[in-house]
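The chain contents come next:
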Amino acid sequence: MGGAGRLLPLVPFLLFVGVFLLVPTVTVALGAFQDADGAFTLDNLGALDDYAALRALRGSLVLSATTAVLGAVLGALLAWLIVSAGPDSLLKRMTMAISGVLAQFGGVILAFAWIATIGIQGVVTLALQHLTGFNLYGNGWLFSIPGLVVVYTYFQVPLMVIVFAPALEGLRVQWREAAVNLGASTWQYWRLVAVPLLTPAFLGSMLLLFANAFAAYATAAVLVSQGQPIVPLLIRQAITSEVLLGGANVGFALALEMIVVVALVMAAYSLLLRRTSRWMK
Amino acid sequence: MTHSRTFRILRALGLLAFGAFFFVPLLALLDFSTQVPGDAPGRTWDAWTYMVTDERLRSAIVASLLLAVLTVTGMVVLLVPTMIWVRLRVPRLNRLVEFLCLLPLTIPALVIVVGITNVYSWVYYLLGGSPLTLTFAYVVLVLPYSYRAIDSALAAIDVTTLAEAARSLGAGWFTVITRIVVPNIWGGVLSAAFISVALVLGEYVFSSLLHFDTLPVAMAAIYKSYAQASMAAALASMTLVAVLLLGLTFLGRRRERKGMA
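The present account deals with the structure reproduced in this document. Here the structure is a predicted model, which is why all the values come from computation and not from measurement.

## A few points about the overall build of chain B
Step number 1: Helix and strand content of chain B: 13 helices and zero strands.
Step number 2: If you list the helices and strands of chain B from N to C, you get α-α-α-α-α-α-α-α-α-α-α-α-α.
Step number 3: Each principal axis of the C-alpha atoms in chain B carries an extent, and together these give about 75 × 65 × 30 Å.
Step number 4: Put simply, 76% of the contacts in chain B that link residues at least 6 apart link residues at least 24 apart.
Step number 5: On chain B, roughly 12800 Å² of surface is accessible, and the fraction owed to carbon and sulfur atoms is 66%.
Step number 6: If you average the places of the 19 positive and of the 12 negative side-chain charges in chain B, the two averages end up 12 Å apart.

## Notes on the packing of aromatic side chains
Step number 1: Within the structure shown, the criterion is met by 24 aromatic pairs over all chains.
Step number 2: Here the aromatic rings of B:Trp45 and B:Trp48 are separated by 5.8 Å at their centres, their planes lie at 65°, and the arrangement is edge-to-face.
Step number 3: Look at B:Trp45 and you get exposed, because its relative accessible area is 55%.
Step number 4: Three or more aromatic residues joined by ring pairs form one cluster here, namely A:Phe16, A:Phe20, B:Tyr120, B:Tyr124, B:Phe136 and B:Phe212.

## With respect to the interface of chain B and chain A
Step number 1: On the side of chain A, 70 residues touch chain B, which itself brings 69 residues to the contact.
Step number 2: Summing both sides of the interface, chain B and chain A together bury roughly 6200 Å²; the carbon and sulfur share of this comes to 84%.
Step number 3: Of all residues in chain B, B:Phe18, B:Phe22 and B:Val114 bury the most surface against chain A, accounting for 10% of the area lost on that side.
Step number 4: Across the chain B-chain A interface, the total number found is zero salt bridges.
Step number 5: Summed over the shared surface of chain B and chain A, the number is four residue pairs in polar contact (both at pLDDT 80 or more).
Step number 6: Element by element, the count of residues in the side of chain B that touches chain A is highest for helix α1 (residues 5-33) of chain B, at 15 residues.
Step number 7: Looking at side-chain class alone, the side of chain B that touches chain A contains 56 nonpolar, nine polar and four charged residues.

## Points about the pattern of salt bridges
Residue and element names in this part refer to chain B.
Step number 1: Using the criterion set out here, one finds six salt bridges over all chains in the structure.
Step number 2: Across the salt bridge formed by Asp 31 and Arg 43, the nearest N and O atoms sit 2.8 Å from each other. Separated by twelve residues along the polypeptide, Asp 31 in helix α1 and Arg 43 in the loop between α1 and α2 (46-53) bring together distant segments of the chain.
Step number 3: You can call Arg 43 exposed: its relative accessible area is 53%.

## Observations concerning the environment of B:Val243
Step number 1: Residue position: B:Val243 is located in helix α13 (residues 227-260).
Step number 2: In sequence terms B:Val243 and B:Trp122 are 121 residues apart; their C-alpha atoms lie 37 Å from each other.

## Observations concerning the packing of helix α6 (residues 107-118) of chain A against α1(B)
Step number 1: Where α6(A) contacts α1(B), the two axes come as close as 8 Å, and the packing angle between them is 80°. Between α6(A) and α1(B), the crossing angle belongs to the class labelled roughly perpendicular. Residues A:Ile109, A:Phe112, A:Ala113, A:Trp114, A:Ala116 and A:Thr117 of α6(A) form the contact with α1(B), whose participating residues are B:Phe21, B:Val24, B:Pro25, B:Ala28, B:Leu29 and B:Phe32.
Step number 2: Along the lines of polarity and charge, the residues of the contact of α6(A) with α1(B) split into eleven nonpolar, one polar and no charged.

## Details of helix α12 (residues 215-222) of chain B
Step number 1: Most of α12(B) sits inside the fold, with six of its eight residues counted as buried.
Step number 2: For α12(B), the full list of buried residues reads B:Leu215, B:Pro216, B:Val217, B:Ala218, B:Met219 and B:Ile222.

## Here we look at the environment of B:Leu199
All names here are of chain B.
Step number 1: With respect to the helices and strands, the residue Leu 199 is situated in helix α10 (residues 186-202).
Step number 2: We classify Leu 199 as buried; its relative accessible area is 17%.
Step number 3: Once the C-alpha coordinates of Leu 199 and Val 243 are considered, the two residues, 44 residues apart in sequence, prove to be 13 Å apart.

## Let's talk about the nonpolar core
Most often, soluble globular proteins have nonpolar side chains that are buried together.
Step number 1: Residues A:Tyr152, A:Phe164, B:Leu29, B:Ile84, B:Ile150 and B:Phe206 are the most contacted members of the largest nonpolar core, which totals 185 residues.
Step number 2: Discounting residues that sit within four places of it in the chain, B:Phe206 has contacts with B:Ala109, B:Ile112, B:Val113, B:Ile116, B:Leu134, B:Ala137, B:Tyr138 and B:Leu141.

## Concerning a nonpolar patch on the surface
All names here are of chain A.
Step number 1: Among the surface-exposed residues, Leu 8, Val 11, Leu 15 and Val 19 lie close enough to one another that they form a single nonpolar patch of about 350 Å² accessible area.
Step number 2: In this fold, Val 19 is placed in helix α2 (residues 11-31).
Step number 3: Of the residues examined, Val 19 reaches a relative accessible area of 31% and is grouped as partly exposed.

## Regarding unusual backbone geometry
Both trends apply: most residues other than glycine have a negative phi, and most peptide bonds are in trans.
Step number 1: At B:His211, a residue that is not glycine, the phi angle is positive and equals roughly 60°.
Step number 2: On the secondary structure map, B:His211 appears in the loop between α11 (205-209) and α12.

Conventions adopted
- Residues numbered from 1 in each chain as written.
- Chains lettered and ligands numbered in written order.
- Predicted model: local features only at pLDDT ≥ 70, side-chain atom pairs only at ≥ 80, totals over all residues.
- Heavy atoms only, no water.
- Helix = DSSP H or I, 4+ residues; strand = E, 2+ residues; numbered from the N terminus.
- Contact = heavy atoms within 4.5 Å.
- Areas by Shrake-Rupley, 256 points an atom, 1.4 Å probe, with all protein chains shown as cover.
- Lys, Arg positive; Asp, Glu negative; His and termini not counted.
- Charge placed at Lys NZ, Arg CZ, Asp CG, Glu CD.
- Phe/Tyr/Trp six-rings, centres within 6.5 Å; stacked < 30°, edge-to-face > 60°.
- Buried < 20%, exposed > 50% of the residue type's maximum accessible area, 1.4 Å probe, protein only.
- Buried area = accessible area lost by both parts, 1.4 Å probe.
- Salt bridge = Lys/Arg side-chain N within 4 Å of Asp/Glu carboxyl O.
- Polar contact = N/O pair within 3.5 Å; in protein donor to acceptor, adjacent residues only side chain to side chain.
- Nonpolar A, V, L, I, M, F, W, Y, C, P; charged D, E, K, R; others polar.
- Axes fitted to C-alpha atoms, helices over the stretch in contact; angles between N-to-C directions.
- Parallel < 35°, antiparallel > 145°, perpendicular 65-115°, else oblique.
- Core = buried A, V, L, I, M, F, W, Y, C linked by side-chain atoms within 4.5 Å.
- Patch = residues over 30% accessible without salt bridge, like charges linked within 9 Å, V, L, I, M, F, W, Y side chains within 5 Å.

Honestly, it's all geometry; don't read function into it.
Take a look at the structure:
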């Protein structure tokens, strides 16, 4: 079979990915620089500089950074707790399996679960009110950025456990023994050996968590009904409201902003990943 | 490894705190879904039977399940032959296929929705406006996860030798792929199918913005009028997905053991 014949079986795949992944992406990238009539303009990008867009970007960055740090710290802690129980322990295996489920568990279901927990009629809200008189629901903070922080942390921690536990397990017992033989205390082993080795993996995982939160949409779409505190919700408004003139093209500009942020973060992530893979088998 | 008593107590307390954070919301969902609407005391499963009795919710569940089946079919038909072919015949394009498959991890689903309007107006024109047209978008969505599952299965076997052996015995390429390679990567294909079903059942971005009534969209819509029913549907689909994904891990472990033996 000739060279062209070899490529023929790849046509369906390339065509499909081209139409349903590349065309939409290019549409967004080009549309960000076009007005409603298709002429070149920088006005859409200018719209990224107005108050609502900047506020949404700040909201998204704060939300993603907060949940990335919280998720990374708590997830690393949980990973360490289960890895310390031994690589083949039931505790470790079960926690990893459950984390695999919970990390995928976003969207509508998660929003409902938290409404049922700390919403106005939530189980924990009512219990706390009954026991201490404290009003956990307050002014409805669950439905704004502080609420999103709590809810996003729910899927960030398990994701951290999945990506960080292998790095923790990769620390070989021999390294610790070597350090101890050379007279290191436990504290010195962690400070001088383990932490420097784990730092790239930790930071890399944190970036992955950041991108994960930045791109998330469904949970926030269900939970937040007032205002557009984060970029994905502002995009929803731009593409669904017909009031806004040229709304679609501003939506493209906002979507492009999302691609740029996520792509930058993911690029940094793969750089750090390469560093970790140098010592992990 | 041995640990001090204090460490073990602290670890138990830590795990307890994490357990509470992760399981209280699920229990709350169960509690909420069995409450009698209003402030009346007692328990009822009415909200759970509503999934079957309510026309809208029932057809949304059917649509979501059909989408799951179609997406898995589409993914397998599109991805499996392509990945095998690239490994066997055009290895230099391996990186390109990998890049394309993992691309949806970097391009948020929301961005694809924003740009896909024109493509979908053609889809509606050619195929009509059924919710099942979401299959195309969903196949893109599950590409990265499916690719990884199938890729690790392919890496575990010697595809080239298998294919050469079959070819020298007179098998055509179609036979090589369907009867020689696929049975050997069955576990990977199954993993890909499981994770695809899990993703499709919870998908909200495409279906809500393209205005199709899938299970998550219907759940969000009936929440205002009958919160207990949406909570019941949420917990039901969560349980189904959890069973699928946990099954996946045990499947993986069994394969691992078999591989080591």
